[in-house]
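The chain contents come next:
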Amino acid sequence: MSIERLYTAHAKATGGRDGRAVSSDNVIDLPLSTPKEMGGPGKADSTNPEQLFAAGYAACFDGALNLVARLEKTPITGSTVAADVSFGKDGDNYGLAVDMAVNIPNMDQAQAEALVAKAHQVCPYSRATRGNIEVNLTTTTNA
């Protein structure tokens, strides 16, 4: 399947998990460090691929959620999406799992869950990961 490319992000990583990640416009220029939990140094003021993926997925999912809400003429304000990306063993290989906590303040729980389910169908990150990694969604409506 081929997509009509509207935007392409460019980034380069050097040095693997203990190197550096830099975007082509230098807005992202971050040192990388393997977390201590994975046997690395866990250097302060550095990030890792899982944190970067969590940030991207959370932002994309919130965008999809707001798009779905607009299309359904269901106004939402103050939604938040927190993504926990876990790295672990998957048999003889390594894999990822995502726990996504979505909060849509002051909305009926059933309506919020329906919007989150639709956003999960629309979000490009969700579509890319579907069937490849475990993604668990939790929906709350806390003010």
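Refer to the preceding data block for the structure.
Residues numbered from 1 in each chain as written. Predicted model: local features only at pLDDT ≥ 70, side-chain atom pairs only at ≥ 80, totals over all residues. Heavy atoms only, no water.

Colleague: How do you make sense of the pattern of salt bridges when you look at a structure like this?
Modeller: Side-chain pairs of opposite charge can arise whenever the charged atoms involved come near each other. In this structure the tally under the stated criterion is three salt bridges. Two residues, D29 and R20, come together in a salt bridge whose shortest N-O distance is 2.6 Å. On the accessibility criterion, D29 (37% relative accessible area) is partly exposed. Across the pair K118 and E72 runs a salt bridge, and its minimum N-O distance is 2.6 Å. Pair noted here: K118 is in helix α2 (residues 109-122) and E72 is in the loop between α1 (49-71) and β4 (80-90), with a separation of 46 residues, a long-range link. (Salt bridge = Lys/Arg side-chain N within 4 Å of Asp/Glu carboxyl O. Buried < 20%, exposed > 50% of the residue type's maximum accessible area, 1.4 Å probe, protein only. Helix = DSSP H or I, 4+ residues; strand = E, 2+ residues; numbered from the N terminus.)

Colleague: Teacher, can you tell me more about α1 here?
Modeller: For an α-helix, 3.6 residues make a turn, and residues three or four places apart therefore share a direction. The terminal C-alpha atoms of α1, which comprises 23 residues, lie 33 Å apart, in line with the 33 Å expected from a rise of 1.5 Å per residue. For α1, every residue scored as buried is listed here: E50, A54, G56, Y57, A58, F61, D62, A64, L65, V68 and A69. Packing partners of the buried residues in α1 comprise β4, β5 (93-103), α2, α3 (124-129) and β6 (134-140). The N-capping residue of α1, defined by a side-chain oxygen 3.0 Å from the backbone nitrogen of E50, is N48. Residue K73 follows α1 closely and has a positive phi angle near 55°. (Expected span 1.5 Å × (residues − 1). Contact = heavy atoms within 4.5 Å. Polar contact = N/O pair within 3.5 Å; in protein donor to acceptor, adjacent residues only side chain to side chain.)

Colleague: Help me understand the nonpolar core in this model?
Modeller: Side chains of nonpolar character tend, in soluble globular proteins, to be buried together. F61, L65, M100, V102, I104 and L115 are the most contacted members of the largest nonpolar core, which has 23 residues in total. Every element with two or more residues in this core is listed here: α1, β4, β5 and α2. A total of eight residues in this core trace back to one element, the largest contributor, which is α1. With residues near it in sequence (within four places) discarded, F61 still touches V81, M100, V102, V116, A119, H120, C123, S126 and L137. (Core = buried A, V, L, I, M, F, W, Y, C linked by side-chain atoms within 4.5 Å.)

Colleague: Please explain α2 as it appears in this structure.
Modeller: For α2, which comprises 14 residues, the first-to-last C-alpha distance of 20 Å matches the rise-based estimate of 20 Å (1.5 Å per residue) to within 8%. Where α2 is concerned, the buried positions are A112, L115, V116, A119 and H120. For α2, the angular spread of the buried residues around the axis is 140°, confining them to a single face. The inward-facing, buried residues of α2 abut α1, β5, α3 and β6. (Arc of directions from axis to C-beta.)

Colleague: So what exactly am I meant to see when it comes to the sheet that holds strand β2 (residues 20-23) here?
Modeller: Through backbone hydrogen bonds, the strands of a sheet pair up, either in parallel or in antiparallel fashion. Reading across the sheet, the three strands line up as β1-β2-β3 and stay open at both edges, with antiparallel pairing between neighbours. Both outer strands of the open sheet, β1 (11-14) and β3 (29-31), are each paired with one neighbouring strand and no more. Across the sheet, the mean angle from the axis of one strand to that of its neighbour is 10°, orientation sign disregarded. The sheet contact formed by β1 and β2 spans four bridges and is antiparallel. Paired with T14 across the bridge in β2 is R20. (Pairing = 2+ DSSP bridges. Axes fitted to C-alpha atoms, helices over the stretch in contact; angles between N-to-C directions.)

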